[in-house]
Amino acid sequence: MKHIPVLLKESIDNLKIKPDGIYVDSTVGCGGHAEVIASKLSRQGKLICVDRDEIAIKEAKKKLVNFNCEIYFFHDNFYNISNICCCADGILFDLGICSLQISDCNRGFSYINDGPLDMRMDKRDRVTAFEIINNFPEKALNKIIKEYGEERFYKLIVKKILDYRSKKKIESTLEFADIIKNAVPKKILYKSNPAKKTFQAIRIFVNYELSILEESIIKSSSILNNQGKICVITFHSLEDRIIKHSFKKICLDDKNFDIVTKKAIYPCLEEINSNSRSHSAKLRVLEKK
Ligand SMILES: C[S@@+](CC[C@H](N)C(=O)[O-])C[C@H]1O[C@@H](n2cnc3c(N)ncnc32)[C@H](O)[C@@H]1O
C-alpha cells in the first residue's frame, strides 16, 4: 500500500521554507512530506528526519538519496526533539501511523489482515498489544478503550475479552477483531469496521501516543528560531484537542508565539475523495514572531 502524504501542500506552504533553513520532519514515515521539504532546500539547508520506527527510517533514507541539502536521520521519539536538534526554522508533525505500518500484517496494526498482536511503532518498547489485551485487568481495559477509542460499547467489548481469554490467549489481530465484532450490538450499522476504535485505543496505549504529545510540542517550541513554524497534522479529536491546548499554553507563557490557524485547516474535497485516510485530518500551525 503506497503512503499518500496528507495535507501536503497546506503543510509545506505553512512551513514557508527558506532554502538555507533548518527543518525537522519529526514523523518522517515514508518520507512523503520530507521529500518536498528537501526539494525546496539549497546545499546550505538542513533536513532532520526523525521516526520512532526503524523501518520507516530505512524507507525514508531510500526516498531521500538524491537531494542537495544536508539530511540527517534519527531513529528516535520526537519527545527527544530538543536533544536531537538545538534550533529549527520549521518542524512538522504528521501524527499517527503510516500505510507502511498498517500494510505489514506482522506489525499487528491491521484489523483486516491477520498478524500477531504487536502494534509497537518502536520495537525497543517493551509492552505489546498482546500483553495489554491478555493481561490487563477489566478496569484498565475499560479505561483504555473508553478514553482512547471513544468507543461507547467499551464495557461489552471488555466483557467479551475477559470471557474469551479465560479459555485461551488472544493471539492474533483477526481473532481480536472477531471478539470485538461479536461483542457490539448487531443492530448497529457501522460506517467503518466495528474493531476500528478499539484497535486505535490499544495502539495509542501501546505507543503512549497522547501522554507525550503536549510536552513534545512545548519542547519543539523551545528550539524554534524567530519566524519559525510548527505544523501539526492530527487524525482524531483526542490528538487535536491536545495540540490546540498546547499551542494556547505556549502563547500564554510567551508573547513571542502566535497561533497562525485560528481555525484548523482541513483537506479539500478532492483530497478526501482521493485519499480516504485524509478524511479526519486537521492541520494547525504555530509561529514564533
Ligand atoms: C502518518 S506517518 C508520517 C508520514 C509521512 N509524513 C509521509 O508523508 O510519508 C506517521 C509516522 O510518525 C511516526 N511516529 C509516530 N509517533 C512518533 C513519535 N512519538 N516519535 C517519532 N515518530 C513517531 C510513525 O512511526 C510513522 O512513521
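Residues numbered from 1 in each chain as written. Predicted model: local features only at pLDDT ≥ 70, side-chain atom pairs only at ≥ 80, totals over all residues.

Undergrad: Break down the site of the ligand for me, citing the residues and quoting the values.
TA: Not every one of the 21 residues close to the ligand is listed here, only the nearest: Pro5, Thr27, Gly29, Gly32 and Asp53. Within the residue set of the shell around the ligand, elements represented by two or more residues are helix H2 (32-39) and strand E2 (46-51). (Near = placed C-beta within 6 Å. Helix = DSSP H or I, 4+ residues; strand = E, 2+ residues; numbered from the N terminus.)

Undergrad: Could you give an account of the nonpolar core, naming the residues involved and the relevant values?
TA: If you look at the biggest cluster of nonpolar residues, it comprises 77 residues, and the most contacted ones within it are Leu47, Cys49 and Ile202. With six residues, the top contributor of residues to this core is helix H10 (residues 196-206). Residue contributions to this core reach at least three from each of two domains, namely domain 1 (8-96 + 211-288) and domain 2 (107-206). When near neighbours in sequence (up to four residues on either side) are disregarded, Leu47 contacts Tyr23, Asp25, Ala34, Ile37, Ala38, Leu41, Cys69 and Ile71. (Core = buried A, V, L, I, M, F, W, Y, C linked by C-beta atoms within 7 Å. Buried ≥ 20, exposed ≤ 12 C-beta atoms within 10 Å, placed from the backbone. Domains from an automatic or database assignment. Contact = placed C-beta atoms within 7 Å.)

Undergrad: An account of the environment of Ile161 is needed here, citing residue identities and associated values.
TA: Tracing the backbone through its elements, the reader meets Ile161 in helix H8 (residues 154-165). Along the backbone, Ile161 and Lys186 are 25 residues apart, and their C-alpha atoms lie at a distance of 17 Å. When sequence neighbours within four positions are dropped, the list of residues in contact with Ile161 reads Ile133, Leu141 and Ile179.

Undergrad: Provide a residue-level description of the sheet that holds strand E3 (residues 70-75), including the pertinent values.
TA: In a beta sheet, neighbouring strands pair by backbone hydrogen bonds and run either parallel or antiparallel. Taken together, seven strands build an open sheet; the order of strands is E3-E2-E1-E4-E5-E7-E6 and the sheet is mixed. The two strands at the open ends of the sheet, each matched to only one other strand, are E3 and strand E6 (257-259). Ignoring strand direction, the axes of neighbouring strands in this sheet form an average angle of 15°. As paired strands, E6 and strand E7 (residues 282-288) are joined by three bridges and run antiparallel to one another. Of the residues in E7, the one forming a bridge with Asp258 is Glu287. Seen against the sheet, helix H11 (residues 213-222) touches strand E4 (88-94), strand E5 (224-234), E6 and E7 and runs at an angle of roughly 155° to E5. (Pairing = 2+ DSSP bridges. Axes fitted to C-alpha atoms, helices over the stretch in contact; angles between N-to-C directions.)

Undergrad: Got a sec to walk through the pairing of E4? Specific residues and values, please.
TA: Of all the seven residues making up E4, seven are buried; the element is thus mostly covered by neighbouring parts of the structure. Bridge count between strand E1 (residues 22-25) and E4: three bridges; the pairing is parallel. From the neighbouring strand, Tyr23 faces E4, where its bridge partner is Gly90. In this structure, E4 lies alongside E5, joined through six bridges in parallel fashion. Note that in E5 the partner of Asp94 across the bridge is Ile233.

Undergrad: An account of the domain arrangement of the chain is requested, with residue identities and associated values reported.
TA: By the assigned domains, the chain splits into domain 1 (8-96 + 211-288) and domain 2 (107-206). A separation of 30 Å is found between the C-alpha centroids of domain 1 and domain 2. Each side of the interface is counted separately: domain 1 has four residues, and domain 2 has four residues. For the side of domain 1 that touches domain 2, the class distribution of residues is one nonpolar, no polar and three charged. (Nonpolar A, V, L, I, M, F, W, Y, C, P; charged D, E, K, R; others polar.)

Undergrad: Before we move on, can you summarise helix H1 (residues 8-15) with the specific residues and values?
TA: An α-helical turn contains 3.6 residues, so a residue and the one three or four places further along point in the same direction. Here H1 has its buried residues at Glu10, Ser11, Asn14 and Leu15. Buried residues of H1, seen end-on, are gathered within an arc of 130° and therefore sit on one face of the element. Considering only its buried residues, H1 is in contact with E1, H2, E4, E5 and E7. Note on H1: the residue one or two positions beyond its end, Lys16, has a positive phi of about 45°. (Arc of directions from axis to C-beta.)

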